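Chain and residue survey
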Number of protein chains: 2
Amino acid sequence: MRRTRFDRWPCPIARTTDLVGDWWTPLVMREAFAGRRRFEDFQRALKVPRAVLARRLDRLVDEGLLKKVSYEEHPPRYEYRLTDKGRAFWDVLAAMWRWGSDWLWGKNGPPVILVDNETGREVRPLVVDENTGIRLTGRRLHIGRKQDVRPPS
Amino acid sequence: MRRTRFDRWPCPIARTTDLVGDWWTPLVMREAFAGRRRFEDFQRALKVPRAVLARRLDRLVDEGLLKKVSYEEHPPRYEYRLTDKGRAFWDVLAAMWRWGSDWLWGKNGPPVILVDNETGREVRPLVVDENTGIRLTGRRLHIGRKQDVRPPS
DNA sequence: CTCCTAAGTTCATCTACCGAACTACATAGT
DNA sequence: ACTATGTAGTTCGGTAGATGAACTTAGGAG
């Protein structure tokens, strides 16, 4: 039996889970943000089984997070580059980064941090409400049907 | 062969992937935030295979995102409640929500939205830098070793 | 002619997910 | 006493997907 698919469920978390729930996929995206583009780069960096990597890259291209770009004619070779949709996915990785840093390490935290290229300072991702700038908490929120909510101002 | 584990990798994204990469797990957490506490509640809401749900709940308890609380003595019954660590995980789901809403639907967006319990308004999660309040983008960042970065101010 | 790189594919093995059925324990009804 | 219902799982046969290793295809370098 096929693993239950969430990609047509009417919930953004479910559909996103269908992607990040594929083993290795968030790490492939992490490597894409780290500048990797070629099959062998991804494979060497992650030690991911080659068959799995091929399937993940294919899917990420299908879903539009990566695009396949030719970089050589003879023999034909392609590399994988982030699209706008793929770059937007950074937010999800950043939230995972922050939560993992805060909760999956001992008191010293992880040995790596996110650094701003321009200022050289550490960056700490935080999830806020776009309108109010206030930090989100699950307790203050619920999931509602769109038509039940009054439009913003 | 066991599926490659990421939970000891020295990267917060990898360790978090080890959790969210378990099929169904983000949806179980979504339901926890929606107020579900009991096995049957989760099972009915998600239609998840019971054996899988049992394993996911066990793992989430092991990892400290949920805690098992007795609510009845005869017969012994337990419910699953969010811990602080579990509540903090909301940020990850919120980022998934936002990206899924923005990129996995047609022009009308998903039929559901996040609503603030107090104001009744829609909430749109956004990932920013905690220090500067500026929206994050993957392009401006890199991953660095902690000791290479000058401390903040 | 042999070795090397790149980007995969193929293969056998094993894990984990699938739906359905079953168990265990208590209560309520007839 | 027997049956039905509710809750929280466990067990089971079948199958999709992950794993590591070897293989393929195409070209370039020594």
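Residues numbered from 1 in each chain as written. Chains lettered and ligands numbered in written order. Predicted model: local features only at pLDDT ≥ 70, side-chain atom pairs only at ≥ 80, totals over all residues. Heavy atoms only, no water.

**So, the interface of chain B and chain A**
- On the side of chain A, 87 residues touch chain B, which itself brings 87 residues to the contact.
- When chain B packs against chain A, close to 8,700 Å² is buried across both sides, 65% of that on carbon and sulfur atoms.
- Three residues, B:Ile13, B:Trp23 and B:Trp99, lead the burial of chain B against chain A; their summed loss comes to 10% of the area buried on that side.
- Counting the contacts that link chain B with chain A gives 10 salt bridges.
- With its nearest N and O atoms 3.0 Å apart, the salt bridge here joins A:Arg98 to B:Glu130.
- Viewed at the interface, chain A and chain B are joined by 36 residue pairs in polar contact (both at pLDDT 80 or more).
- Considering every element that reaches the side of chain B that touches chain A, the biggest residue donor is helix H6 (residues 90-103) of chain B, with 13 residues.
- Partitioned by chemical class, the residues of the side of chain B that touches chain A number 46 nonpolar, 17 polar and 24 charged.
- Sheet topology places strand E6 (residues 141-145) of chain A next to strand E3 (residues 112-116) of chain B; five bridges connect them, and they run antiparallel. (Contact = heavy atoms within 4.5 Å. Buried area = accessible area lost by both parts, 1.4 Å probe. Salt bridge = Lys/Arg side-chain N within 4 Å of Asp/Glu carboxyl O. Polar contact = N/O pair within 3.5 Å; in protein donor to acceptor, adjacent residues only side chain to side chain. Helix = DSSP H or I, 4+ residues; strand = E, 2+ residues; numbered from the N terminus. Nonpolar A, V, L, I, M, F, W, Y, C, P; charged D, E, K, R; others polar. Pairing = 2+ DSSP bridges.)

**Side note on the sheet that holds E6(A)**
- Spatial ordering of the open sheet is given by E6(A)-E3(B)-E4(B), a layout of three strands whose pairing is antiparallel. Of all the strands in the sheet, just E6 of chain A together with strand E4 (122-123) of chain B have a single pairing partner and so form its edges.

**Notes on the environment of A:Ala54**
Residues and elements named next belong to chain A.
- Relative to the elements of secondary structure, Ala 54 occurs in helix H4 (residues 50-62).
- For Ala 54, a relative accessible area of 30% translates into the label partly exposed.
- Along the sequence, Ala 54 and Gln 43 sit 11 residues apart, while their C-alpha atoms lie 9.6 Å from each other. (Buried < 20%, exposed > 50% of the residue type's maximum accessible area, 1.4 Å probe, protein only.)

**Re the nonpolar core**
- Residues A:Met29 and B:Met29 are the most contacted members of the largest nonpolar core, which totals 82 residues.
- Non-local contacts of A:Met29, meaning those with residues more than four positions away in its chain, are made with A:Leu60, A:Leu65, A:Leu66, A:Leu82, A:Gly86, A:Phe89 and A:Leu93. (Core = buried A, V, L, I, M, F, W, Y, C linked by side-chain atoms within 4.5 Å.)

**Considerations on the protein's contact with DNA strand D**
- The immediate surroundings of DNA strand D are formed by 27 residues, with A:Trp24, A:Arg56, B:Thr4, B:Tyr71 and B:Arg77 found nearest.
- Sugar plus phosphate: this is where 70% of the atoms of DNA strand D within 4 Å of the protein reside.
- A distance of 2.6 Å separates a phosphate oxygen of DNA strand D from a polar atom in the side chain of A:Trp24.
- In the environment of DNA strand D, a base nitrogen lies 3.0 Å from a nitrogen or oxygen atom belonging to the side chain of B:Glu40.
- Those elements giving two or more residues to the surface near DNA strand D turn out to be H4 of chain A together with helix H3 (39-46), helix H4 (50-62), strand E1 (66-72) and strand E2 (77-82) of chain B.
- Classifying every residue of the surface near DNA strand D gives 13 nonpolar, two polar and 12 charged. (Near = heavy atom within 4 Å.)

**Section: the protein's contact with DNA strand C**
- Around DNA strand C, a shell composed of 28 residues is seen, among which A:Thr4, A:Tyr71, A:Tyr80, B:Arg55 and B:Arg56 lie nearest.
- Atoms of DNA strand C within 4 Å of the protein: sugar and phosphate make up 74%, bases the balance.
- Between a base nitrogen of DNA strand C and a side-chain N or O atom of A:Arg50, the distance comes to 2.8 Å.
- Sorting the residues of the surface near DNA strand C by element identifies helix H3 (39-46), H4, strand E1 (66-72) and strand E2 (77-82) of chain A together with H4 of chain B as the ones contributing at least two each.
- Partitioning the surface near DNA strand C into residue classes produces 13 nonpolar, two polar and 13 charged.

**Let's talk about the pairing of E2(A)**
Residues and elements named next belong to chain A.
- By the bridge criterion, six bridges tie E1 to E2 in an arrangement that is antiparallel. Bridge assignment links Val 69 to a residue of E2, and that residue is Glu 79.
- Linkage of E1 to E2, two consecutive antiparallel strands, is achieved through a turn of four residues.

**Some words on the pattern of salt bridges**
Residues and elements named next belong to chain A.
- In total, this model carries 42 salt bridges over all chains according to the counting rule given.
- Residue Arg 87 is joined to Asp 84 by a salt bridge in which the shortest nitrogen-to-oxygen separation is 3.1 Å. Residue Arg 87 and its partner Asp 84 are both found in helix H5 (residues 84-88); the two are separated by three residues, about one turn of the helix.
- Its relative accessible area of 53% is what places Asp 84 among the exposed residues.
- Among the charged side chains, a network of salt bridges with common partners joins Arg 3, Arg 5, Asp 18, Asp 22, Arg 59 and Glu 63.

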